[in-house]
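Structural characterization, general
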Amino acid sequence: MREVKSDYGRVIVGTKAELFQQAFDLGAAERAKAAHSRFLWALTGGGTPKEWYQWLVSEKKLSPADASAIEWTVSDERHVLLDSAESNFGNAERQLLAPLGVPTDRRHPWMVAWPVAEAAEAYRRTMLILAGPARTYDVCFLGMGDDCHTASLFPGTPLLRDDGGLAFGGQEVPGKGWRLTITPTGLRQCGLIVVMTLGAGKADALHRVLRGPDDVLNVPSQILKTCADRVVWLVDEAAAAKL
Ligand code: 6PG
């Protein structure tokens, strides 16, 4: 593995196997140094994270006991029911939390059965209980789309302009429906942010984010510059090809 300099956090380049291991090691190290008991780990959606969940289970990286001592959630969610194939938390449950026997009181999905505004408010209250007023996730997993979005902060969407100082919110994304997501304010309150971005299809987007002009509204992943000291990008050579 090698590192690439950026203003948006550490950028580690490696093979998928190396990066999957690194992602686990980073989370485990953050957990080992946590001074509080309720360790909050936010997963995310997309194909890459789902592959990582399956790897964690097949490689037995996380024991059921360890997994059951962590509070699990997702950094962003589609406004669909958990049994939908589109559900980020539903997929994390099916591919990671259920196979590891994580009890339901350690699982914190967004209240997707409620209208978006109520679901966001309920989630804020849950996170306030779990993390307190000044903190969000201990570990926040993110992916990045080929349009440079991360979480459910898509180009031109309102929460990029103004999140009202709230750590979590909801917004309608043209062509993708309603989304629930951590906001720029919430990202700045995370302990560690791990962004996993693999594949040649992400090379242009990664170049725009890390090497292009500042343009958060159109290049949303650039929001991570505001918390670069706690961001680690895990990218493969194909995604790093234009850096
Ligand atoms: C979502 C995810 C989204 C995802 C990226 C990367 O709800 O779709 O939160 O932000 O992480 O689109 O997805 P891939 O890893 O599948 O490219």
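Let me begin by describing the structure that accompanies this report. Keep in mind that this is a model prediction, so the values were computed, not measured. Residue numbers here run from 1 along each chain, matching the order of that chain's written sequence. Restriction of local features to residues with pLDDT of at least 70 applies here, the model being predicted, together with a cutoff of 80 or more for giving and counting side-chain atom pairs; totals for whole chains, interfaces and linings are based on all residues. The basis for the side-chain values is all heavy atoms of the structure; hydrogens and waters are excluded.

Here we take up the site of the ligand. Think of it this way: one heavy atom of a residue within 4 Å of a molecule or strand is enough to make that residue near it. Around the ligand lies a shell of 16 residues, among which G47, T48, D76, R78 and K202 are the nearest. Contact distances for the ligand include 2.7 Å between an oxygen atom and a side-chain N or O atom of R78. One of the side-chain N or O atoms of K202 is found 2.6 Å from an oxygen atom in the ligand. Against a free-state accessible area of 420 Å², the protein chains account for coverage of 86% of the ligand. Secondary structure elements follow DSSP: runs of H or I of four or more residues count as helices, runs of E of two or more count as strands, with numbering from the N terminus. Broken down by element, the residue count for the shell around the ligand peaks at three residues, all from helix α2 (residues 47-58). Under the grouping applied here, Gly and all other residues not named as nonpolar or charged are polar, the nonpolar ones being Ala, Val, Leu, Ile, Met, Phe, Trp, Tyr, Cys and Pro and the charged ones Asp, Glu, Lys and Arg. By residue class, the composition of the shell around the ligand is three nonpolar, nine polar and four charged. Here a polar contact means two N or O atoms within 3.5 Å. Within protein one must be a hydrogen donor candidate and the other an acceptor candidate, and residues neighboring in sequence count only if both atoms are side-chain atoms. Throughout, the Shrake-Rupley method with a 1.4 Å probe supplies accessible areas, and for residues the shown protein chains are the sole cover considered.

By definition, disulfides here are pairs of cysteine sulfur atoms that lie within 2.5 Å. Scanning the entire structure with this criterion turns up zero disulfides. In this structure C190 is not part of a disulfide, and its nearest cysteine sulfur, from C140, lies 4.3 Å away. Looking at the unpaired C227, the closest cysteine sulfur is the one in C190, lying at 7.3 Å. Using a 1.4 Å probe on the protein chains alone, a residue whose accessible area is under 20% of its type maximum counts as buried, one over 50% counts as exposed, and one in between counts as partly exposed. The buried category is assigned to C227, whose relative accessible area is 1%.

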